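Each chain is listed here by its residues.
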Amino acid sequence: MATATERLQEHAEEYRRDADDDRPLGAYAVLLGVYALFVAVTAFLGRRKLPERISAADLGLGVVATFIFTRTLAKDAITSPLRMAFTRFEGPAGPAELHEEVRATGWRHAVGELMTCPFCLSQWTATLFVTGLVVAPRFTRTAMTVLTMVGASDFLQLAYARAQQAATGDERRDGD
């Protein structure tokens with residue numbers, strides 16, 4: 001009879017069988033474990049402070065702040081030093097965003113995928129913001145407000161650039 005470890009290895013081999021690249025399944029599992037442990041510890045320690053529900057205002061701030069924070073972390077040029085150990089610069093990807101490819105293997109590949117994917121980072125970021133609302137609500141609301149203001153400003157910058165392009169017939173796509 002196969003042990004649990006042997007069964008997991010068989011499943012991993014079957015999963016990878018026809019793939020062009022080697023998926024770092026062990027590293028993914030550890031990252032998921034870290035996330036689950038963080039949520040469990042936070043829920044246990046904060047169980048008396050957990051709100052019945054998140055207010056509509058906090059939810060709105062959290063949604064926009066999560067969007068902006070994850071895009072900034074995953075795509076912004078200024079945060080590229082945080083990603084450089086895991087990625088290779090490929091070029092611009094739009095107004096104030098970079099396109100980078102994950103270049104590492106194993107752990108660094110798993111972290112690189114997380115660091116370059118705003119969709120992947122959203123779960124982690126939203127969890128941190130909700131945790132912050134429980135542990136340090138004033139600070140967290142202030143940080144989420146700043147990020148929401150940045151998001152609104154970004155939207156207005158892009159809308160202004162589009163309007164300017166329409167008025168002048170300029171077809172540049174970078175918003176400059």
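The residue numbering used here restarts from 1 in each chain and proceeds along that chain's sequence as written. Predicted model: local features are reported for residues with pLDDT of at least 70 only, side-chain atom pairs are reported and counted for 80 or more only, and whole-chain, interface and lining totals are derived from all residues. Each side-chain value is derived from all of the structure's non-hydrogen atoms; neither hydrogens nor water enter the calculation.

(A) Region of interest: the packing of aromatic side chains. By convention, a stacked pair of Phe, Tyr or Trp rings (six-membered ring in the case of Trp) has centres within 6.5 Å and planes under 30 degrees apart, an edge-to-face pair has planes over 60 apart, and any other such pair is tilted. The tally for this structure, following the rule as stated, stands at 2 aromatic pairs. When the centroid spacing of 5.3 Å and the interplanar angle of 55 degrees are considered together, the rings of Tyr-35 and Trp-124 count as tilted. Taken together, the positions of Tyr-35 in helix α2 (residues 25-45) and Trp-124 in helix α6 (residues 118-135) put the pair 89 residues apart, joining distant regions of the chain. Here's how the labels work: a residue is buried when its accessible area is under 20% of the maximum for its type, exposed when over 50%, partly exposed in between, all with a 1.4 Å probe on protein chains only. Exposure remark for Tyr-35: the relative accessible area of 16% places this residue in the buried category. A run of H or I in DSSP becomes a helix once it reaches four residues, and a run of E becomes a strand once it reaches two; helices and strands are each numbered from the N terminus.

(B) Fine view of helix α3 (residues 56-75). With 20 residues, α3 ought to run about 28 Å at 1.5 Å a step, and its terminal C-alpha atoms sit 28 Å apart, in line with that. All of the buried residues in α3 are Asp-58, Leu-61, Gly-62, Ala-65, Thr-66, Ile-68, Thr-70, Leu-73, Ala-74 and Lys-75. Contacts were defined at the residue level, with two residues in contact if any of their heavy atoms lie within 4.5 Å. Packing partners of the buried residues in α3 comprise α4 (80-83), β2 (97-102), α5 (106-116), α6 and α7 (137-168). Take the number of residues in a helix, subtract one, and multiply by 1.5 Å to get its expected span.

(C) Spotlight on a nonpolar patch on the surface. Put simply, a patch holds well-exposed residues, over 30% relative accessible area, that have no salt bridge, with like charges counted together within 9 Å and Val, Leu, Ile, Met, Phe, Trp or Tyr side chains within 5 Å. Note on areas: these come from Shrake-Rupley sampling with a 1.4 Å probe, and a residue is covered only by the protein chains present in the view. In what follows, salt bridge is the name for a side-chain nitrogen of Lys or Arg lying within 4 Å of a carboxyl oxygen of Asp or Glu. A cluster of nonpolar side chains, Leu-37, Val-41, Phe-44 and Leu-45, forms an exposed patch at the surface whose accessible area comes to about 440 Å². For Leu-45, the location among the structural elements is in helix α2.

(D) The pattern of salt bridges, seen in detail. If you walk through the whole model with that rule in mind, you get 4 salt bridges. Of the charged contacts, one joins Arg-141 and Asp-58 as a salt bridge, the two residues approaching to 2.8 Å between their closest N and O atoms. Within this pair, whereas Arg-141 is found in helix α7, its partner Asp-58 is found in helix α3, the two being separated by 83 residues in sequence. Residue Arg-141 is classed as partly exposed on the basis of its relative accessible area, which comes to 35%. Across the pair Arg-88 and Glu-90 runs a salt bridge whose closest N-O atoms are separated by 2.9 Å.

(E) Representation of α2 within the structure. The end-to-end C-alpha distance of α2, which contains 21 residues, comes to 30 Å, matching closely the 30 Å that a straight helix rising 1.5 Å per residue would cover. Listing the buried residues of α2 in full gives Ala-27, Tyr-28, Leu-31, Tyr-35 and Thr-42. Seen along its axis, α2 keeps its buried residues to an arc of 115 degrees; they face one direction. Exposed residues pointing more than 90 degrees away from the buried face of α2 are listed as Leu-37, Phe-44 and Leu-45. Against α5 and α6 lie the buried residues of α2. When we speak of the arc, we mean the arc of directions from the helix axis to the C-beta atoms.

(F) Main features of the packing of α2 against α5. As a rule, the C-alpha atoms of each element are fitted with a line to give its axis, helices using only the stretch in contact, and angles between N-to-C directions run from 0 to 180 degrees. It is the contact of α2 with α5, at a shortest axis distance of 8 Å, that shows an interaxial angle of 55 degrees. One way to sum up the angle between α2 and α5 is to call them oblique. Here α2 runs over α5; the crossing is right-handed. Packed against α2, whose contacting residues are Ala-27, Tyr-28, Val-30 and Leu-31, the element α5 presents Gly-106, Trp-107, His-109, Ala-110, Val-111 and Glu-113 at the interface. Ten residue types, Ala, Val, Leu, Ile, Met, Phe, Trp, Tyr, Cys and Pro, are classed as nonpolar, four, Asp, Glu, Lys and Arg, as charged, and the remainder, Gly among them, as polar. Taken together, the residues that form the contact of α2 with α5 break down as 7 nonpolar, 2 polar and 1 charged. In this scheme, roughly parallel covers angles under 35 degrees and roughly antiparallel covers those over 145, while 65 to 115 is roughly perpendicular and the rest are oblique. In this scheme the handedness of a crossing depends on how the near helix is turned from the far one: anticlockwise by less than a right angle means left-handed, clockwise means right-handed.

Shape is all these values report; function is a separate question.
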